[in-house]
Amino acid sequence: MRFTISSRAIAVILSLLVAAVLTTLVWVAPTLPMREGVLAAGITIAACFLLLYLMFEALIFREINTLYEGLEHIKRKEFRRMSNKFLFRPEPLKRMRDEILDMAQRKQQEIDELKRLQVLRREFLADVSHELKTPIFAAQGFVHTILDDEDIDEHTRKKFLQKAATSLDALDSLVQDLVTISQLEKGVVRMRRQVFDITQLVLDIFEQLELKAARRNVTLALAPPPQPNTGLRVLADRNRIRQVLINLIDNAIKYGRENGHVTVAVAESGKGVRISVQDDGEGIPKQHQNRIFERFYRIDKSRSRESREAGGSGLGLAISKHIVEAHRSTIRVHSEVGQGTTLEFKLPKPRAAATALAANAT
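Note that the structure is a prediction, hence the values are computed from the model and not measured.

Colleague: Is there a simple way to explain the overall build of the protein chain in this structure?
Modeller: Within the protein chain, the secondary structure is distributed over 12 helices and seven strands. Contacts in the protein chain between residues at least 24 apart in sequence constitute 74% of all its contacts with a sequence separation of at least 6. A total of about 23600 Å² of accessible surface is found on the protein chain, and carbon and sulfur atoms cover 56% of it.

Quick look at the structure:
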């Protein structure tokens with residue numbers, strides 16, 4: 001059982017001790033010569049100071065230890081390391097106050113971050129439910145129309161079934177993208193790095209997206225123009241980087257100007273290769289540039305609706321961001337309103353031995 005003394009009792013004890021020392025000095029001093037009297041007065045002052053200091057420290061540190069006990073579950077390790085830091089040092093309460101304020105500030109930052117994540121979670125759940133609901137309701141409507149109307153002709157029946165199948169394909173794509181981004185965020189997807197020609201990959205993607213670009217009269221260009229045997233090799237996961245480039249180029253076609261241009265630039269940059277995708281669209285306002293890689297983030301709802309109708313899941317940029325970061329790089333955004341948008345990232349160049357091995361293999 002711990003014995004405690006109240007602050008009032010400590011004050012009474014301190015007063016009695018100081019009074020005893022002073023009374024002894026007053027009683028002894030008249031019988032002492034001047035020199036011994038001055039020495040006795042100095043000893044008395046030192047004794048009173050020591051008593052006051054020790055009692056003051058004892059009172060303060062008892063209160064500090066009480067605070068430790070109350071805060072130990074919040075900051076157990078740090079306060080244990082601090083427990084000896086204040087002993088016989090000036091301004092212990094000020095030191096402790098600074099520590100508590102610092103801890104409170106950190107906890108407030110954690111609370112603010114949790115609130116921000118909670119808001120993002122609510123937005124994400126609302127977006128997911130909306131994105132899932134759109135193809136489900138569309139497919140459901142077409143199927144029920146066929147079931148409810150027995151007189152529907154074969155051509156219309158086939159047309160409605162095709163639309164229902166398209167909606168279900170969009171739903172499947174969305175679910176697959178959700179699974180992919182979940183795996184990327186958890187870090188369970190490993191990048192299978194290999195040496196390949198990034199220039200040739202861009203040209204292959206141009207062929208794949210050629211029809212989509214033609215619908216908007218968008219010209220796809222590679223800079224610098226490809227020359228025989230002048231490709232740039234990188235060390236990366238070819239399939240994942242292909243997915244990134246398809247997402248970036250597809251967005252550039254979709255949100256660039258009609259009759260415009262989309263330019264993919266590939267150039268050496270130090271120990272890596274910089275790849276950039278530039279469109280000549282409306283551009284992205286500054287306040288949105290840090291958020292375009294969030295899942296389902298909408299710059300404006302009309303563009304989001306057009307994206308869904310074109311088959312986009314709203315997760316392309318988020319997936320691209322995670323893939324590029326898994327390659328220890330970052331997608332950077334350069335955009336001005338009315339001047340288009342450029343998205344760029346870097347990939348490492350392979351070592352000379354790896355390059356020679358890949359060249360021999362081909």
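And the narrative resumes.
Colleague: What is the right way to look at the pattern of salt bridges in this model?
Modeller: Any two side chains of opposite charge can pair if their charged atoms end up close together. By the definition in use, this model includes 10 salt bridges. Between lysine 212 and aspartate 250 there is a salt bridge, with its nearest N and O atoms 2.7 Å apart. With a gap of 38 residues between them, lysine 212 in helix α7 (residues 210–215) and aspartate 250 in helix α8 (residues 238–255) connect regions that are remote in the sequence. Its relative accessible area of 30% is what places lysine 212 among the partly exposed residues. A relative accessible area of 12% places aspartate 250 in the buried class. Residues aspartate 250 and lysine 254 are paired through a salt bridge, measuring 3.2 Å at the closest nitrogen-oxygen approach. One end of the pair is aspartate 250 and the other is lysine 254, both in helix α8 and four residues apart, which spans about a single turn. Both residues of the pair, aspartate 250 and lysine 254, belong to the buried class. Taken together, the shared-partner salt bridges in this structure form one network comprising Lys212, Asp250 and Lys254.

Colleague: Just to check I follow, could you spell out the packing of aromatic side chains for this structure?
Modeller: For any pair of aromatic rings, geometry is given as the distance between the ring centres together with the angle between the planes. Following the criterion strictly, the structure yields one aromatic pair and no others. For the pair phenylalanine 142 and phenylalanine 160, a centre-to-centre distance of 5.5 Å together with 50 degrees between the ring planes defines the contact as tilted. Within this pair, whereas phenylalanine 142 is found in helix α4 (residues 92–148), its partner phenylalanine 160 is found in helix α5 (residues 154–186), the two being separated by 18 residues in sequence. The class of phenylalanine 160 is buried, set by a relative accessible area of 18%.

Colleague: How do you make sense of the nonpolar core when you look at a structure like this?
Modeller: One broad rule of soluble globular proteins: the nonpolar side chains tend to lie buried together. Grouped together as the largest cluster of nonpolar side chains are 49 residues, with contacts concentrated most on Ile198, Leu245, Ile249, Val264 and Phe345. Of the residues forming this core, the biggest block, eight residues, is contributed by α8. Sequence-distant contacts of isoleucine 198, defined by excluding residues within four places in its chain, comprise Leu232, Val234, Ile241, Leu245, Val266, Val273, Ile275 and Leu347.

About the cut-offs
- Numbering of residues begins from 1 in every chain and follows the order in which that chain's sequence is written.
- Totals for whole chains, interfaces and linings use every residue, but because this is a predicted model, local features are given only for residues with pLDDT of at least 70 and side-chain atom pairs only at 80 or more, for both listing and counting.
- Think of the side-chain values as coming from all heavy atoms in the structure, minus any hydrogens and water.
- Secondary structure elements follow DSSP: runs of H or I of four or more residues count as helices, runs of E of two or more count as strands, with numbering from the N terminus.
- Contacts: residue pairs with any heavy atoms within 4.5 Å of one another.
- Residue-level accessible areas treat just the shown protein chains as cover; the underlying method is Shrake-Rupley with a 1.4 Å probe.
- A carboxyl oxygen of Asp or Glu within 4 Å of a side-chain nitrogen of Lys or Arg is what we treat as a salt bridge.
- Partly exposed residues are those whose accessible area sits between 20% and 50% of the maximum for their type, while under 20% is buried and over 50% is exposed, using a 1.4 Å probe and protein chains only.
- In this analysis, rings of Phe, Tyr and Trp, with Trp reduced to its six-membered ring, are considered paired at centre separations within 6.5 Å, and the interplanar angle assigns stacked below 30 degrees, edge-to-face beyond 60, and tilted for intermediate values.
- Here, the term nonpolar core denotes a set of buried Ala, Val, Leu, Ile, Met, Phe, Trp, Tyr and Cys residues that are joined through side-chain atoms within 4.5 Å.

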